[in-house]
Amino acid sequence: PVYLDTETTGLDPVDQVIEICILDHDGRILLETLVKPTRPISPGARRVHGIGDAVLRGAPSWAEIWPHIQQTLAGRRVAIFNAEFDMRIMRQSHRAHGLEWMPAEVESFCVMELYARYNGLWDARRRSFRWVSLEDAGRQCGIKLPNAHRAKADALLARAILEYMAKS
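For the structure given in this document, a descriptive report is provided here. (Residues numbered from 1 in each chain as written. Predicted model: local features only at pLDDT ≥ 70, side-chain atom pairs only at ≥ 80, totals over all residues. Heavy atoms only, no water.)

## Regarding the nonpolar core
Turning to step 1, where the next piece is worked out: By size, the foremost hydrophobic cluster in this structure holds 43 residues, and its most contacted members are Ile20, Trp62, Ile69, Met90 and Ile161.
Turning to step 2, where the next piece is worked out: Broken down by element, the residue count for this core peaks at eight residues, all from helix 6 (residues 151–167).
Turning to step 3, where the next piece is worked out: When neighbours within four sequence positions are excluded, Ile161 is seen to be in contact with Phe81, Val111, Tyr115, Leu134, Ala137, Gly138 and Ile143.
Turning to step 4, where the next piece is worked out: Listed in part, the five residues of the second largest apolar core include Ile18, Ile41, Ile51 and Leu56. (Core = buried A, V, L, I, M, F, W, Y, C linked by side-chain atoms within 4.5 Å. Buried < 20%, exposed > 50% of the residue type's maximum accessible area, 1.4 Å probe, protein only. Helix = DSSP H or I, 4+ residues; strand = E, 2+ residues; numbered from the N terminus. Contact = heavy atoms within 4.5 Å.)

Listed below in structure tokens is the structure:
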């Protein structure tokens, strides 16, 4: 697969991608860029990833980089830690830029869900395996890569976790 991670303006239904990284199966960077959103970054998101509005002023917009993203992902399975979140934010970025999201544009699978099954901790109340954060999954696997809350570092960590599970 290729590995994808994003950083965002926040967590709400109107928030957007502000950084994206796509890595090839071997960890080589296929795309790494900041993205200029149509809305400001929330203070909470800024505290997490450290990206401020000023640094994004010269960045390309989502509409400008989408064709390159689309080309990079074409025909590839996309591994994402918490795929539901990143896919939602990508759809929201599409909407904010007046682009139509096509359901089959990105074929993704969730490394977080795979790790939850691998880890095997059952949550009886939710009737599913317990999800853990990227940072906790990395620590539980003994992976020394940090959860830096930046797209490249987090994509590398998700890749390392999937490889750890595959080798175990």
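## Considerations on the pattern of salt bridges
Turning to step 1, where the next piece is worked out: Tallied over the full model, the rule gives ten salt bridges.
Turning to step 2, where the next piece is worked out: For Arg150, the salt bridge identified is with Glu19, shortest N-O distance 2.8 Å. With Arg150 in the loop between helix 5 (134–140) and helix 6 and Glu19 in strand 2 (residues 17–23), this residue pair connects regions lying 131 residues apart in the sequence.
Turning to step 3, where the next piece is worked out: A relative accessible area of 4% places Glu19 in the buried class.
Turning to step 4, where the next piece is worked out: In this structure, Asp136 and Arg139 form a salt bridge, with 2.2 Å as the shortest nitrogen-oxygen distance. Of this pair, Asp136 and Arg139 both sit in helix 5, three residues apart, roughly one helical turn.
Turning to step 5, where the next piece is worked out: The class for Asp136 is partly exposed, based on a relative accessible area of 28%.
Turning to step 6, where the next piece is worked out: Take Arg139: its relative accessible area is 52%, and that puts it in the exposed class.
Turning to step 7, where the next piece is worked out: Residues joined in a network through salt bridges with shared partners are Asp24, Asp26, Arg28 and Arg76. (Salt bridge = Lys/Arg side-chain N within 4 Å of Asp/Glu carboxyl O.)

## Concerning the sheet that holds strand 1 (residues 2–8)
Turning to step 1, where the next piece is worked out: One open sheet accounts for five strands, arranged 3-2-1-4-5; its pairing is mixed. Of all strands in the sheet, those bounded by a partner on one side alone are strand 3 (29–34) and strand 5 (107–110). With strand direction ignored, the average angle separating the axes of adjacent strands in the sheet is 25°.
Turning to step 2, where the next piece is worked out: Here helix 2 (residues 62–73) sits on the sheet in contact with strand 1, strand 2, strand 3 and strand 4 (77–80), set at roughly 20° to strand 2.
Turning to step 3, where the next piece is worked out: Contacts between helix 6 and the sheet are confined to strand 1, strand 2, strand 3, strand 4 and strand 5, with strand 1 contributing the most and set at about 140° to the helix. (Pairing = 2+ DSSP bridges. Axes fitted to C-alpha atoms, helices over the stretch in contact; angles between N-to-C directions.)

## Topic: unusual backbone geometry
Turning to step 1, where the next piece is worked out: A positive phi angle is found at Arg127, which is not glycine, with a value near 55°.
Turning to step 2, where the next piece is worked out: Here Arg127 shows up in the loop between strand 6 (122–123) and strand 7 (128–129).
Turning to step 3, where the next piece is worked out: Of note, the phi angle at His149 is positive, near 55°, even though the residue is not glycine.
Turning to step 4, where the next piece is worked out: Its place among the elements puts His149 in the loop between helix 5 and helix 6.

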